[in-house]
Amino acid sequence: MKLYVTRHGETPMNAAHRVCGLTNIDLTEKGIAQAKEAGRSLQDKGIKRIIASPLLRAQHTARLIADEIGIDTIETEQQLIEQNYGIYENTDWDGEAFNANKREFAVRYPGGESMLDLAGRLYPLLNKLKAENGPTTLLVCHGGICRMIRTYFLDVKNNDYAAFKLPNCGIMEFDL
C-alpha cells in the first residue's frame with residue numbers, strides 16, 4: 001500500500017515561528033494556497049482515502065486537498081493530533097530549551113508528551129493501516145506527527161529527528 005503524509009498549510013503561528021501544538025487555529029491565505037497546490041500535485045497519485053487530524057488546520061487542509069483530487073469523505077483520526085508541547089506551546093520554535101527537549105525521546109515536554117508517548121499513539125495507527133493493506137492513503141497531520149511517522153520507516157538518530165522539519169504542505173511518500 002502506498003502512504004502519503006502531508007503537514008497542514010501555514011497558520012498564523014507558523015508564520016510567526018511559534019510552537020503550535022494543540023492550539024486549534026485555521027490556515028492563513030498562504031496556507032490555503034499551499035493546500036490547493038498540494039492537492040494538485042497529488043491528483044495523479046491514486047489516493048482513495050484521506051485521514052486527517054481533528055485540529056482545524058489539518059481538517060481545512062484535508063478538505064482543500066480532497067476537493068482538488070475528487071474525494072468526498074475525509075476520515076478524522078484522533079491519533080494524528082499534534083504533539084502536546086506543554087509549556088512550550090506558543091513559544092519561539094527556535095528556543096534552546098524546546099529544541100533540547102526534542103532530542104530526548106523519553107523526556108516529556110513539561111506539561112506535555114514525550115517522543116515515546118507520541119510513537120506509542122502513532123505506531124499502532126500505522127500498524128493498523130499496514131494490516132488493512134487498503135487503498136492508497138493520505139494522512140493530513142502536523143509537523144511533529146510527520147517527524148515521528150518518518151521514524152516508523154527510517155532509522156533516524158536523535159539529532160536528525162530533532163532537525164527534521166517538513167515544510168507546510170510538504171509531502172512524504174512511503175510504502176506501507
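Q: Would you mind showing me how to read the sheet that holds strand β3 (residues 74-76) here?
A: Taken together, the 5 strands give an open sheet; going across it, the order is β3-β2-β4-β1-β5, and neighbouring strands pair in mixed fashion. Looking along the sheet, the strands with just one partner apiece sit at the ends: β3 and β5 (171-175). Between one strand axis and the next, the sheet turns through 25° on average, direction left out of account. Here strand β1 (residues 2-7) runs beside strand β4 (residues 137-141); their pairing, made up of 5 bridges, is parallel. The partner of Tyr4 across the bridge, within β4, is Leu138.

Q: Could you clarify how one ought to interpret the environment of Gly9 in this entry?
A: On the secondary structure map, Gly9 appears in the loop between β1 and α1 (12-15). Between the C-alpha atoms of Gly9 and Asp155, which are 146 residues apart in sequence, the distance is 27 Å. Beyond its immediate chain neighbours, meaning those up to four positions away, Gly9 contacts Asn14, Leu27, Gly31, Gln34, Thr61, Asn168 and Cys169.

How each quantity is defined
- Residues numbered from 1 in each chain as written.
- Predicted model: local features only at pLDDT ≥ 70, side-chain atom pairs only at ≥ 80, totals over all residues.
- Heavy atoms only, no water.
- Pairing = 2+ DSSP bridges.
- Helix = DSSP H or I, 4+ residues; strand = E, 2+ residues; numbered from the N terminus.
- Axes fitted to C-alpha atoms, helices over the stretch in contact; angles between N-to-C directions.
- Contact = heavy atoms within 4.5 Å.

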